[in-house]
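Chain by chain, the residues:
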Amino acid sequence: MLFNTFSFWLFFAVILCCFYAVPFRIGRYVLLIGSYWFYMAWDWRFGSLLAFVSIVNFLAGAFLPGSSARRKKAILWISIGSTLGVLGFFKYYGFFASSAALLFGLPEDAWQLRIILPVGISFFTFQGLSYTIDISRGTLRPVRSLVDFALYVAFFPQLVAGPIVRASYFLPQLEDWQRPSQHKLSEGIGLILLGLVKKMVFADQFAIVADHYFGSLGTNPGFFTAWSGVVAFGMQIYFDFAGYTDIARGCGRMMGFHFPVNFERPYLATDIQEFWHRWHISLSTWLRDYLYIPLGGNRKGRWRTYLNLMITMLLGGLWHGASWTFVVWGGFHGLLLAGDRMIRSLAGEKPLFWMRNIPSRWVARFVTFILVCVGWVFFRAQSFGDAEQILQAMSGLQGLGTGLLLRGHWLLLITAFSGMVMQEQWKVFERILEAPDWIRGLVIAAALYILILFSYTETAIPFVYFQF
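Residues numbered from 1 in each chain as written. Predicted model: local features only at pLDDT ≥ 70, side-chain atom pairs only at ≥ 80, totals over all residues. Heavy atoms only, no water.

**Student:** Account for the overall build of the chain, naming residues and giving values.
**Tutor:** A tally of regular secondary structure across the chain gives 18 helices and 0 strands. The C-alpha radius of gyration computed for the chain amounts to 23 Å, which stays within 12% of the reference 23 Å derived for 468 residues, consistent with globular compactness. The C-alpha extent of the chain, read off along each of the three principal axes, is 65 × 65 × 55 Å. A buried classification covers 53% of the 468 residues belonging to the chain. The contacts of the chain with a sequence gap of at least 6 include a subset with a gap of at least 24, amounting to 75%. Of the roughly 22,100 Å² that the chain leaves accessible, carbon and sulfur atoms contribute 67%. Of the side chains in the chain, 37 bear a positive and 25 a negative charge, and the two mean positions are spaced by 9 Å. (Helix = DSSP H or I, 4+ residues; strand = E, 2+ residues; numbered from the N terminus. Rg over C-alpha atoms; globule rule 2.2 N^0.38 Å. Buried < 20%, exposed > 50% of the residue type's maximum accessible area, 1.4 Å probe, protein only. Contact = heavy atoms within 4.5 Å. Areas by Shrake-Rupley, 256 points an atom, 1.4 Å probe, with all protein chains shown as cover. Lys, Arg positive; Asp, Glu negative; His and termini not counted. Charge placed at Lys NZ, Arg CZ, Asp CG, Glu CD.)

Set out below in structure tokens:
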């Protein structure tokens, strides 16, 4: 069930009504059953994976406290190994099998198996891992109820594409759940509408351009053609993913749960470090706390810091997809982060030159956006050959070509960045929520009208991050 389909909203309405029709102690079961129904609608067999990850990590969390250091280490590694084993087999077996076959001079499909990738597996496995790791560190108490923990892992609004919610963030909300106020319900409706506008109005329109370009590189050469196609994908993936998480947060808010913000206008970042503070925040902080810091972080000298950044981003790239192009995308950002860290260390206490005045900050934003778009080439390209062809075109080696963005796309582009700046400077969304009822009513009516105008498509375009 896609968030931008009638079937999902019918499902959500039924779950919401059933949830509020019973006491919360029973409502938890309603949410758990609904979450498994939601997930198994794609393929009923994958419900067993969700249950396996939940039971393994629940049991590990139950046995960790009070265990000896040696036994605690064994329990932790069984939990990590089992959870990563599920992720590794379903997501990475084909990748490593084909890579090994090519290494030994065999056909690429020599050792392949027909494995279907379960949707959202990268997200719910990371949530399960954070639970047992936090308990082993002594920063979280184990939950007593398997139902509560299973609901944490499977909660349907953010199950498929995040945000990655940690147990220490979600489980206390289950323990102290309160019926949401009218204001919280209004916030939830506002986030849902905002997310749908981001997805159906912005992301899906840019997706038409991006899919056309990346799907027919041979017939779309040239500098302007390449840049318009890549920028279109950059806008698509941002509004698609940010739209999903806004809808997820809105649905959660309407049921009395709060999810962390996952995007903070990343295309307004003035450098790559700031970009990763604003982009997919739940993943970047997860990688920081469970990978970068355990590797040593920045505590073991400058060059070890650069190495730790590279390892973290290479694995972060691999997390996104079982392909060497994703690894290169992660490595590209690792190099940029290491370079950013090097510049900051050389600057010392002096303010960085791109932060000294408003014009220089906008130049820095433009440069950062261009670098991010170069990285998106590896993220979106189907092969290194395609990526090389696109980068050549972006460098001007294939002539000028013609832009693919129509006047409507330019209008969306200008509207998008204007909206980002307005939200950055004046918190427009929050101001609308605090405005009188008649103003909120007008905004809601306008949003619904815009959604109706943009809803006439042959098929609903899936969310980009469903594949991860």
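**Student:** A description of the layout of surface pockets should follow, citing residues and the corresponding values.
**Tutor:** Each pocket or cavity is described by its volume, and for the largest pocket that value is around 1,400 Å³. Forming the boundary of the largest pocket are 48 residues, of which L194, K198, Q423, V428 and F429 lie nearest the centre. It is helix 8 (residues 182-215) that contributes the most residues to the lining of the largest pocket, 12 residues altogether. Counted as a void, the second largest pocket has a volume near 550 Å³. Lining the second largest pocket are 21 residues; nearest its centre among them are L84, F126, L129, W286 and L291. Secondary-structure elements contributing two or more residues to the lining of the second largest pocket are helix 4 (69-103), helix 5 (121-137), helix 11 (281-292) and helix 12 (302-320). (1 Å grid on protein atoms, 1.4 Å probe; cavity = no way out; pocket = protein on both sides within 12 Å on 5 of 7 lines; lining within 4 Å. Points joined across faces, edges and corners; volume = space filled by probe spheres on them.)

**Student:** Could you give an account of the environment of A232, with specific residues and numbers?
**Tutor:** Tracing the chain through its elements places A232 in helix 9 (residues 223-254). By relative accessible area, which is 0% here, A232 ends up buried. In this structure, the C-alpha to C-alpha distance between A232 and W426, residues 194 residues apart in sequence, is 27 Å. Ignoring any residue separated from it by four or fewer positions in sequence, one finds A232 in contact with F206, V209, A210 and L405.

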